[in-house]
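Observations on chain architecture
The lines below spell out each chain.
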Amino acid sequence: QVQLVESGGGLVQTGGSLRLSCAVSGRTFSNYAMGWFRQAPGKEREFVATISNNGGYTYYADSVKGRFTISRDNTKNTVYLQMTSLKPEDSAIYYCACASGLWVRYRSNEYNYWGQGTQVTVSS
């Protein structure tokens, strides 16, 4: 059974930083790309960042480029999202997801396993 468990969310002031973690079990983690998505109240889930299976390639949404960094540790079966210079519009539930293949992808339908989400709230 594949499980993804996110942690690290919370309340932070504008300009602050948070690091999200997502621990994966039940799958050969190093064979698959990983991604982060987010969903704010009343909005559709949107792509945030993705990383290839070996960490060699990353891709970001324009809204977070230069502020967020995705990384992974294949020895710990964990993917991270370092978020800096946070803005109120970054407030959302953040989900990690495991892709169906090794290469980066930004469409949610190309991910077949999802975590339960972790809340990030940025106060102004």
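Provided above is the structure to which this section pertains.
Thoughts on the nonpolar core
In this structure, Met34, Trp36, Val79, Leu81, Met83 and Tyr94 are the most contacted members of the largest nonpolar core, which totals 36 residues. Contributions of two or more residues to this core are made by β3 (18-25), β4 (34-39), β5 (46-51), β7 (68-73), β8 (78-83), β9 (92-99) and β11 (118-123). Among the elements that make up this core, the one with the highest residue count is β9 (6 residues).

A few points about the pairing of β5
Of all 6 residues in β5, 5 are buried; the element is thus mostly enclosed. Here 5 bridges tie β4 to β5, and the two strands are oriented antiparallel to one another. Bridged to Met34 within β5 is Ile51. Note that β5 and strand β6 (residues 58-60) share 3 bridges and pair antiparallel. Among the inter-strand pairings, Ala49 is bridged to a residue of β6, identified as Tyr60. Taking the residues that link successive antiparallel strands as the turn, the β5-β6 hairpin has 6 residues, and the phi of Gly55 there is positive, at about 80°.

Things to note about the state of the cysteines
Across all of its chains, the model carries 1 disulfide by this definition. Covalent S-S linkage joins Cys22 and Cys96, the inter-sulfur distance amounting to 1.9 Å. Measuring handedness by torsion sign, the sulfur bridge of Cys22 and Cys96 sits at about 45° and is right-handed. With Cys22 in strand β3 and Cys96 in strand β9, the pair connects residues that are 74 residues apart, well separated along the chain. There is no split in this pair, since Cys22 and Cys96 are both buried. With no disulfide of its own, Cys98 lies 8.5 Å from the sulfur of Cys22, the closest cysteine sulfur. Classification of Cys98 as buried rests on a relative accessible area of 0%.

Conventions adopted
- Residues numbered from 1 in each chain as written.
- Predicted model: local features only at pLDDT ≥ 70, side-chain atom pairs only at ≥ 80, totals over all residues.
- Heavy atoms only, no water.
- Core = buried A, V, L, I, M, F, W, Y, C linked by side-chain atoms within 4.5 Å.
- Buried < 20%, exposed > 50% of the residue type's maximum accessible area, 1.4 Å probe, protein only.
- Helix = DSSP H or I, 4+ residues; strand = E, 2+ residues; numbered from the N terminus.
- Pairing = 2+ DSSP bridges.
- Disulfide = S-S within 2.5 Å.

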